[in-house]
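Here are the chains, one letter per residue:
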Amino acid sequence: MKKYCILFTIILCLPVFSCANKERRTSDSFKNYEGSHAFATELLRTDFALQKRVLITLEKAIMLMEDDVDSVSKETFEKSIEVMSYFFDICHIEKENEILFPFVKNIQGGMEKKDFLGRLLMEHISARDRKRALSDAVKGISLGKKARKTIKKAGYGYIKYVKKHLQTEEKALFPWIDTLLSHDDQLALIGRLNAVEEKYISNGLHEKYFIMVETLEKQLGIFH
């Protein structure tokens, strides 16, 4: 009888494990954060984790290119840039520019840091410009040492800039927002962010790019 109970328990748990795997591949379900102590900034941090992983793949690709140009392909750089375009340009920038920043500005006290929010908006634009410069440089990867030097400069510059931007948000923006918003504000903001996240999950892009990150890490010998 005990054996059958154990078997029954395992069968019941199988759907849970399946859902957990799907949850991981969609960069965590935002609905998990709708509890009594929910913070909208926790949702944004889930995107940051993927962004940082992509930056690591890009940095590793540049290092390999410096040691041996044949050890890393143009496609590897292009895929890293494509994934970063999704997790940074779309997931990160769209959520903040279109939802987070306007929401915060409408809260009493939100305008006290109007200049700070404006600076972050400009950093979003600058990061995209730097990524575009890197993408243009990668097109000439086969043109010799000078071209690879341009890729190195543009790549490291982009990585450093985005890392600093994310750090600013984690250490300054998010703590301020957590103290500014009431519990009801948090839940309202979470609802809006959830709506955006559902759009990403339903179109399959989260799954596609999460798998691409894992593939790039394996190709470049990055293990967690």
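Please refer to the structure placed before this passage.
First, a word on what this report is: a plain description of the structure on this page.

Reading the values: rules and limits
Residues numbered from 1 in each chain as written. Predicted model: local features only at pLDDT ≥ 70, side-chain atom pairs only at ≥ 80, totals over all residues. Heavy atoms only, no water. Salt bridge = Lys/Arg side-chain N within 4 Å of Asp/Glu carboxyl O. Helix = DSSP H or I, 4+ residues; strand = E, 2+ residues; numbered from the N terminus. Buried < 20%, exposed > 50% of the residue type's maximum accessible area, 1.4 Å probe, protein only. Core = buried A, V, L, I, M, F, W, Y, C linked by side-chain atoms within 4.5 Å. Contact = heavy atoms within 4.5 Å.

1. Considerations on the pattern of salt bridges
Here's step 1: Under the counting rule described, the total for this entry stands at 14 salt bridges.
Here's step 2: Note that Arg 53 and Glu 217 form a salt bridge whose closest N and O atoms lie 2.7 Å from each other. Linking Arg 53 in helix α2 (residues 40-67) with Glu 217 in helix α7 (residues 205-219), this pair joins segments that are 164 residues apart in sequence. No difference in accessibility class separates Arg 53 from Glu 217, as the two residues are buried.
Here's step 3: Residue Lys 139 pairs with Asp 136 through a salt bridge whose shortest N-O separation is 3.6 Å.
Here's step 4: Overlapping salt bridges, with partners in common, bring together Arg 45, Lys 52 and Glu 170 in one network.

2. A few points about the nonpolar core
Here's step 1: Counting residues in each nonpolar core, the largest one holds 60 residues, and the members touching the most others are Phe 77 and Leu 173.
Here's step 2: At the level of secondary structure, the elements contributing two or more residues to this core comprise α2, α3 (74-105), α4 (114-138), α5 (145-180), α6 (183-202) and α7.
Here's step 3: The residues contacting Leu 173, other than those within four sequence positions of it, are Glu 96, Leu 100, Phe 101, Phe 116, Leu 117, Leu 120 and Thr 168.

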